[in-house]
Amino acid sequence: MVFEVATVPFNPDGWGPPDPTNPPYIPFAPFSRSDKLGRIADWTRNLNTSNTNPNRSNNRNNASDSAFDFTLDSDLYSTNHDDINDSTFRLVDGKPPPRPKFGPKWRFNNNQNRNQLPQRRDEEVEAKRREAEKDRARRDRIYHNRSAGGANQGRRESAIMKSSVDIQPEWNMLDQIPFGTFSKLSFVVSEPEDLLLCGGLEYYDRSFDRVTPKSERRLERFKNRNFFKVTTTDDPVIRRFANEDKATVFATDAILSTLMCAPRSVYSWDIVVQRVGNKLFFDKRDGSQLDLLSVHETSQEPLPEAKDDINSAYSLGVEAAYINQNFSQQVLLRDGNKVVFDEANPFANEGEEVASVAYRYRRWKLDENLYLVARCELQSVLDVNNQKQFLTLNALNEFDSKYSGLDWRQKLETQRGAVLATELKNNANKLAKWTAQALLGSADMMKLGYVSRVHPRDHFNHVILAVAGYKPKDFASQINLNTANMWGIVKSIVDLCMKLGEGKYVLVKDPAKPQVRIYEVPADAFENDYVEEPLPEDEQVQPPAENGEGVAETSVAATDVGDKEIDAVP
């Protein structure tokens, strides 16, 4: 067998064989010397792919990248693969498809999951997510409060963080006491001695103990009964005791309870101290914040800043004071039966109708030669086993459930403990002061009423939803109110003031920091101050009618103590 070498034609005019001699069975792609060849022959290029975009020069499957393109040789394919259509040829790649970098697949692979919806998250997962958000928000609040320099700083609006009295430049600051030192104080006093009982008490109506949200009662207004908020030095009985040298220190239960519960306070307050000879008098200014009731004081939710807003701190304080007075008279048996004491009401004129109240003047021994006399108030009396029990009457008020997070009308019947725990968290200072006043007056029972607005935007009309009774000592232990610490605070302040010379001083709670300051003030300070008294309800502007009832606003209070359920005494 002889192997014949084919003739190789010479092309002097260019590269490659001349055109006339190009074999028909060899696929040849024309190219020039400037073209970049990727491969000599491309056996893998898809014919369909090359035809879809023939103008792309950078495509790895472009025919211009190779000198010999066998995919264009239809005769060669038809000879060896007669029954196979070259369009069905696919290159098999063993590599897995790339995974998306972020998020679930259904967010990016829209073509495959166009008709599918993402699966609904499990309820347990949603609950955990909400709990995590609450924990994060709580940690943020703690961090911001600590970074602000105080536990109560940063959570109140600027309008609330104003001093209760304007500090004058001529006042001389003598000392400032941080509340942290109060927590370490302790002093045990002996049982007090009753010096005098004045006024008269009406009997409590037991039917109010059965009031429920379903059988609510409308809160009445008692415009004809007079209520007295007399300071210490204006009390004729205390003046008499001072002249008789019955004691060295004189005060009222409202002033003492403010001092005893000072570490729980957030809002600013002030107490006037007068040193006359060897006597010490604790007074309040006319129109002082002590005459109002704080609302939502220890809550984390800030109240509106505008003073004329019905849900501002000032408006709610006025509303709570009116509610407390009317409630203390409505829950009584107004049948004429009354318990009368040694002397009549020392502040009432003859023939004047006064509220049911008894003033109990009591004396405590603070030291060998140091005695304290205080005027304590009681609001009602009750016969239990042929024995008379004295009661204090106070009312908690709900103004808008979105601030407290609990709707009293839904929770009071089934979860009264949770409602009270929320009030203890939002109104810790107010409830502690009520408890301290009940302990000072040796009340046998303290009645707490739950009063709510008829409508959240109506601060004139209210309803009584429930009434609960508690023993003051048991209630104090459950809200962590230590009587020894209370008297320790009073004793330390009395000892500090007894070292001062004769003159007038003022104790001011710092509006932004947990501390109290002592200023020396001129003798005529606060005597000519103009006090803007709140208008009576009948003189205030009534809101527009809504569904036949007036609608307006002003309202409620709150406290600070752990979430505890407290058992009421029937």
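Given the structure is predicted, the values throughout are model-derived calculations rather than measurements. (Residues numbered from 1 in each chain as written. Predicted model: local features only at pLDDT ≥ 70, side-chain atom pairs only at ≥ 80, totals over all residues. Heavy atoms only, no water.)

**Brief notes about the overall build of the protein**
Piece 1. Scanning the protein from N- to C-terminus turns up 13 helices and 19 strands.
Piece 2. The proportion of buried residues among the 570 residues of the protein is 46%. (Helix = DSSP H or I, 4+ residues; strand = E, 2+ residues; numbered from the N terminus. Buried < 20%, exposed > 50% of the residue type's maximum accessible area, 1.4 Å probe, protein only.)

**Describing the packing of helix α6 (residues 253-260) against helix α11 (residues 428-440)**
Piece 1. In the contact formed by α6 and α11, the axes pass within 9 Å of each other and the chain directions differ by 125°. On the basis of their axis angle, the class for α6 and α11 is oblique. Every pair of crossing elements has a handedness; the one defined by α6 and α11 is right-handed. On α11, the residues that touch Asp-253, Ala-254, Leu-256, Ser-257, Thr-258 and Met-260 of α6 are Lys-433, Ala-436, Gln-437 and Leu-440.
Piece 2. Counted by class, the contact of α6 with α11 contains 5 nonpolar, 3 polar and 2 charged residues. (Axes fitted to C-alpha atoms, helices over the stretch in contact; angles between N-to-C directions. Parallel < 35°, antiparallel > 145°, perpendicular 65-115°, else oblique. Left-handed = near helix turned anticlockwise from the far one by under 90°. Contact = heavy atoms within 4.5 Å. Nonpolar A, V, L, I, M, F, W, Y, C, P; charged D, E, K, R; others polar.)

**Here we look at the nonpolar core**
Where a protein is soluble and globular, its nonpolar side chains tend to be buried together.
Piece 1. Phe-282, Tyr-450 and Leu-507 are the most contacted members of the largest nonpolar core, which has 81 residues in total.
Piece 2. Those residues in contact with Tyr-450 that lie beyond four places of it in its chain are Leu-396, Trp-408, Leu-412, Arg-416, Val-419, Leu-420, Val-463, Ile-464, Leu-465, Ala-466, Ala-468 and Tyr-470.
Piece 3. Core analysis: the second largest hydrophobic core is formed by 17 residues, Leu-196, Cys-198, Val-354 and Val-373 among them. (Core = buried A, V, L, I, M, F, W, Y, C linked by side-chain atoms within 4.5 Å.)

**Re the environment of Lys-365**
Piece 1. Note on placement: Lys-365 falls in strand β10 (residues 357-367).
Piece 2. Along the chain, Lys-365 and Ala-247 lie 118 residues apart, while their C-alpha atoms are 8.9 Å from each other.
Piece 3. Once residues lying within four places of it in the same chain are set aside, the contact partners of Lys-365 are Val-189, Ser-190, Leu-370 and Tyr-371.

**Some thoughts on the side chain of Asn-311**
Piece 1. Tracing the chain through its elements places Asn-311 in the loop between β8 (279-283) and α7 (313-330).
Piece 2. The buried category is assigned to Asn-311, whose relative accessible area is 3%.
Piece 3. Of the polar contacts made by the side chain of Asn-311, one reaches the side chain of Arg-453; its length is 3.2 Å. (Polar contact = N/O pair within 3.5 Å; in protein donor to acceptor, adjacent residues only side chain to side chain.)

**Some details on the pairing of β10**
Piece 1. The buried fraction of β10 is high, at 9 of 11 residues.
Piece 2. Pairing of strand β4 (residues 193-202) with β10 involves 7 bridges; the strand directions are antiparallel. From the neighbouring strand, Leu-196 faces β10, where its bridge partner is Tyr-361.
Piece 3. Inspection of the sheet shows β10 paired to strand β11 (residues 370-378) by 9 bridges, in the antiparallel sense. Considered in β11, the bridge of Trp-364 is made with Leu-372.
Piece 4. Between the antiparallel neighbours β10 and β11 lie 2 residues. (Pairing = 2+ DSSP bridges.)

**Points about the environment of Leu-406**
Piece 1. With respect to the helices and strands, the residue Leu-406 is situated in the loop between α8 (401-404) and α9 (408-411).
Piece 2. C-alpha separation for the pair Leu-406 and Ala-418, spaced 12 residues apart in sequence, amounts to 8.8 Å.
Piece 3. If sequence neighbours within four positions are ignored, Leu-406 has contacts with Glu-398, Ser-401, Lys-411, Ala-418, Val-419 and Thr-422.

**A short note on the confidence of the model for the protein**
Piece 1. Of all residues in the protein, 69% attain a pLDDT of 70 or more, and the chain-wide mean is 78.
Piece 2. The spread of mean pLDDT over the elements of the protein runs between strand β19 (residues 549-550), the lowest at 40, and strand β6 (residues 249-252), the highest at 96.
Piece 3. Ignoring residues within four places in sequence, the model shows residues 49-61, a span with pLDDT below 50, making 14 contacts including any to other chains. (pLDDT = per-residue confidence, 0-100.)

**With respect to unusual backbone geometry**
Piece 1. Phi is positive for His-296, close to 60°, though the residue is something other than glycine.
Piece 2. Note on placement: His-296 falls in the loop between β8 and α7.
Piece 3. Given a relative accessible area of 1%, His-296 falls into the buried group.
Piece 4. A positive phi angle, close to 60°, is found at Asn-480, a residue other than glycine.
Piece 5. With respect to the helices and strands, the residue Asn-480 is situated in the loop between α12 (472-478) and α13 (483-498).

**A look at the sheet that holds β11**
Piece 1. Reading across from one edge, β3-β17-β16-β7-β8-β6-β11-β10-β4-β9 is the order of the 10 strands in this open sheet, with mixed pairing throughout. Of all strands in the sheet, those bounded by a partner on one side alone are β3 (172-178) and β9 (338-340). Neighbouring strand axes in the sheet, compared pairwise and without regard to direction, differ in orientation by 20° on average.
Piece 2. Summarising the sheet, β3 and strand β17 (residues 515-521) pair through 6 bridges and their orientation is antiparallel. Counted as the bridge partner of Met-173 is Tyr-519 from β17.

**Describing the sheet that holds strand β14 (residues 445-455)**
Piece 1. Strand order in the open sheet formed by 5 strands is β5-β15-β14-β13-β12, with mixed pairing between adjacent strands. The strands lining the two open edges of the sheet, one partner per strand, are β5 (217-218) and β12 (380-384).
Piece 2. The pairing of strand β13 (residues 387-398) with β14 spans 8 bridges and is parallel. Residue pairing across strands places Asn-394 opposite Leu-448, the latter belonging to β14.
Piece 3. This element, helix α10 (residues 416-426), spans β13, β14 and β15 (458-470) of the sheet and lies at about 115° to β15.
Piece 4. Here α11 sits on the sheet and contacts β13 and β14; the angle it forms with β13, its principal contact strand, is near 170°.

**Some words on the pattern of salt bridges**
Piece 1. Per the counting criterion, the structure on display carries 15 salt bridges.
Piece 2. Salt-bridge contacts for Glu-220 lead to Arg-334; the nearest nitrogen and oxygen are separated by 3.6 Å. Here the residue Glu-220 occupies a position in the loop between β5 and α5 (236-243), and Arg-334 occupies one in the loop between α7 and β9, the gap between them amounting to 114 residues.
Piece 3. The exposure class assigned to Glu-220 is partly exposed, which follows from its relative accessible area of 37%.
Piece 4. One salt bridge connects Asp-510 with Arg-517, and the closest N-O pair in it is separated by 2.3 Å. Pair check on accessibility: Asp-510 and Arg-517 agree, each one buried.
Piece 5. Shared partners join several salt bridges into a network, and the residues in it are Asp-194, Arg-360 and Arg-362. (Salt bridge = Lys/Arg side-chain N within 4 Å of Asp/Glu carboxyl O.)

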